[in-house]
Amino acid sequence: MAGLTDEQLHRFAEDGYLVVEDLLTEADLVGVEAEYRRILDRAAAGLVAQGRLEPLRGATFSDRYVEAVEQIDDMYALYQHLDISLPMVADLDWSHTLHTGPEVFGLLTHPRLLDVVESVIGPEIFANPVQHARIKPPRRHLPDIATDANIAATMWHQDSAVTNPEADETDMLTVWLAVTDATVENGCLVAEPGSHRDDLVLHCPGQHFSGEIYIPESLVDMDRVVPLEVRAGSAVLLHKLTSHGSLDNDSDAIRWSFDLRYQPVGQPTGRSLFPGFVARSAAYPELEVTDAAEWTRLWRQAQARIVNGEVEAKFNARWDSYAAHALCA
Ligand SMILES: O=C(O)CCC(=O)C(=O)O
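Residues numbered from 1 in each chain as written. Predicted model: local features only at pLDDT ≥ 70, side-chain atom pairs only at ≥ 80, totals over all residues. Heavy atoms only, no water.

To continue, consider the overall build of the chain. Per the secondary structure count, the chain includes seven helices and 11 strands. In summary, the chain has a C-alpha radius of gyration of 19 Å against a globular reference of 20 Å for 329 residues, a match within 12%. Considered along the principal axes of its C-alpha atoms, the chain spans approximately 55 × 50 × 45 Å. Taking all 329 residues of the chain together, the buried fraction comes to 56%. Excluding contacts between residues fewer than 6 apart, the proportion of contacts in the chain whose partners are at least 24 apart in sequence is 81%. Within the structure as shown, the chain displays about 14,200 Å² of accessible surface, and the carbon and sulfur contribution to it stands at 51%. Taken as two groups, the 25 positive and 52 negative side-chain charges of the chain have centres that lie 3 Å from each other. (Helix = DSSP H or I, 4+ residues; strand = E, 2+ residues; numbered from the N terminus. Rg over C-alpha atoms; globule rule 2.2 N^0.38 Å. Buried < 20%, exposed > 50% of the residue type's maximum accessible area, 1.4 Å probe, protein only. Contact = heavy atoms within 4.5 Å. Areas by Shrake-Rupley, 256 points an atom, 1.4 Å probe, with all protein chains shown as cover. Lys, Arg positive; Asp, Glu negative; His and termini not counted. Charge placed at Lys NZ, Arg CZ, Asp CG, Glu CD.)

All right, on to the state of the cysteines then. Within this structure, the stated rule accounts for one disulfide. One disulfide bridge connects Cys 204 with Cys 328, the sulfur atoms lying 2.1 Å from each other. Handedness of the Cys 204-Cys 328 disulfide follows from its S-S torsion of about -80°: it is left-handed. With a gap of 124 residues between them, Cys 204 in strand 5 (residues 204-205) and Cys 328 in the segment after helix 7 (292-307) connect regions that are remote in the sequence. On the accessibility criterion, Cys 204 (0% relative accessible area) is buried. (Disulfide = S-S within 2.5 Å.)

Looking now at the nonpolar core. Grouped together as the largest cluster of nonpolar side chains are 71 residues, with contacts concentrated most on Tyr 36, Tyr 65, Phe 258 and Tyr 262. For this core, the leading source of residues is helix 2 (residues 26-49), giving eight residues. Counting 11 residues, the second-largest nonpolar core is a separate cluster that includes Ala 191, Leu 228, Val 230 and Leu 238. (Core = buried A, V, L, I, M, F, W, Y, C linked by side-chain atoms within 4.5 Å.)

Taking strand neighbours across the sheet as the criterion, the three strands line up as 7-4-9 in an open arrangement whose pairing is antiparallel. Edge strands, defined here as strands with exactly one partner in the open sheet, are strand 7 (226-228) and strand 9 (244-246). Each adjacent strand pair in this sheet contributes to an overall mean axis angle of 30°, direction not counted. Bridge count between strand 4 (residues 189-191) and strand 7: three bridges; the pairing is antiparallel. Looking at strand 7, one finds that Leu 189 is bridged to Leu 228. (Pairing = 2+ DSSP bridges. Axes fitted to C-alpha atoms, helices over the stretch in contact; angles between N-to-C directions.)

What follows is about the site of the ligand. Lys 136, Thr 154, His 157, His 244 and Ser 246 are the nearest of the 13 residues found near the ligand. Between Ser 246 and the ligand, the recorded distance is 2.7 Å, taken from a side-chain N or O atom to an oxygen atom. In isolation the ligand has 290 Å² of accessible area, and contact with the protein removes 99% of it. Among the elements of the structure, strand 2 (124-136), strand 9 and strand 10 (255-264) are those that each provide at least two residues to the shell around the ligand. At four residues, strand 10 tops the list of elements feeding residues into the shell around the ligand. Here the residues of the shell around the ligand are counted per class, giving two nonpolar, five polar and six charged. (Near = heavy atom within 4 Å. Polar contact = N/O pair within 3.5 Å; in protein donor to acceptor, adjacent residues only side chain to side chain. Nonpolar A, V, L, I, M, F, W, Y, C, P; charged D, E, K, R; others polar.)

The subject of this paragraph is the side chain of Arg 280. For Arg 280, the location among the structural elements is in strand 11 (residues 277-281). Taking the relative accessible area as the measure of exposure, Arg 280 reaches 17% and is therefore buried. A polar contact is formed between the side chain of Arg 280 and the backbone oxygen of Pro 111, at a distance of 3.5 Å. A polar atom in the side chain of Arg 280 sits 2.9 Å from the side chain of Asp 115.

On a regular strand, each side chain points to the face opposite its neighbour's, so the side chains alternate between the two faces of the sheet. Buried residues dominate strand 10, accounting for 10 of its 10 residues. Where strand 2 and strand 10 come together, nine bridges link them in antiparallel fashion. Residue pairing in the sheet places Asn 128 in a bridge with Arg 261 of strand 10.

Let us now look at the side chain of Gln 131. When you line up the elements, Gln 131 lands in strand 2. On the basis of relative accessibility, which here comes to 2%, the residue Gln 131 falls in the buried class. Polar contacts involving the side chain of Gln 131 include one to the main-chain carbonyl oxygen of Ile 84, which spans 2.8 Å. Sequence-distant contacts of Gln 131, that is, excluding residues within four places in its chain, are made with Asp 83, Ile 84, Ser 85, Leu 108, Asp 259, Leu 260, Arg 261, Trp 295 and Trp 299.

This next bit is on the packing of helix 2 against helix 3 (residues 61-71). The angle between the axes and the distance between the axes are what describe a pair of packed helices. Look at helix 2 against helix 3: their axes get within 10 Å of each other, and the N-to-C directions meet at 25°. In terms of their interaxial angle, helix 2 and helix 3 are classed as roughly parallel. When the axes of helix 2 and helix 3 are compared, the crossing they make is left-handed. Contact residues: helix 2 offers Glu 33, Tyr 36, Arg 37, Leu 40 and Asp 41, while helix 3 offers Phe 61, Arg 64 and Tyr 65. Residues belonging to the contact of helix 2 with helix 3 are distributed by class as follows: four nonpolar, no polar and four charged. (Parallel < 35°, antiparallel > 145°, perpendicular 65-115°, else oblique. Left-handed = near helix turned anticlockwise from the far one by under 90°.)

Take a look at the structure:
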């Protein structure tokens, strides 16, 4: 197992984040881009048939995505086909969808990525269901009030705040993986070094989207904030208590990343409505989920439980009572 060096582990412990350059190669990402292009084209064909979109002509996934976003009023009609999570909405039904294809599954379970994860949390690795594809179009194509972190800049938060309190003791690690280069211009991550030594801080419930929360900027030490620019294929590791967000995309192309989370097997995920899976196990290798079809089945099963009313779809509710807090108003 290659994993992280002692020096890297030390840096991560000090700063609460770590840039791992060139974790994956261009070759590792080619298949993901092709898979996403197929999904985008299928979703776009449906919208063309409804008269909501002109046929896409761009040469690359980025060009085609931007072209679609320029035309469409409801970006969710497109985006929801591309995310690797169902949306966190109270009225979840069978019309909601997600993408769990073999290429993206291969990314989540890539041996080099799991080696890095193993260095931090040990050899029994569970893929936590708090996971997203972030495909951010240039800001100028977004409506002014766009605050959805899947599409626009991401407001300040700690990842622990998006899980339910039962996971407060879970050793959750975020692996943020760049599919395109991430720069200050196109909206890279920003983080406050050392903030992981704080406890969970106040998060305010947002007003525009279900499950949206944010740390008021007055609680972030902006003088200490650093931008985390990385090349495509590189990763940023984040401690679950590190305050971070991302910038606006002021470039002409998309900024694309996946944020994936891992934890030791057996600890609560903090989002039990959605399914995770054993990604690597030295002790019980037979429990590992090794193909995208099984991953897809787990998501459909979770969706059925919600749609059939067996469980209530409630997300990030721990912050609801703070809506009237002086720092949130
Ligand atoms: O990619 C982004 O814009 C934000 C990602 C993020 O905040 C996270 O992974 O927790």
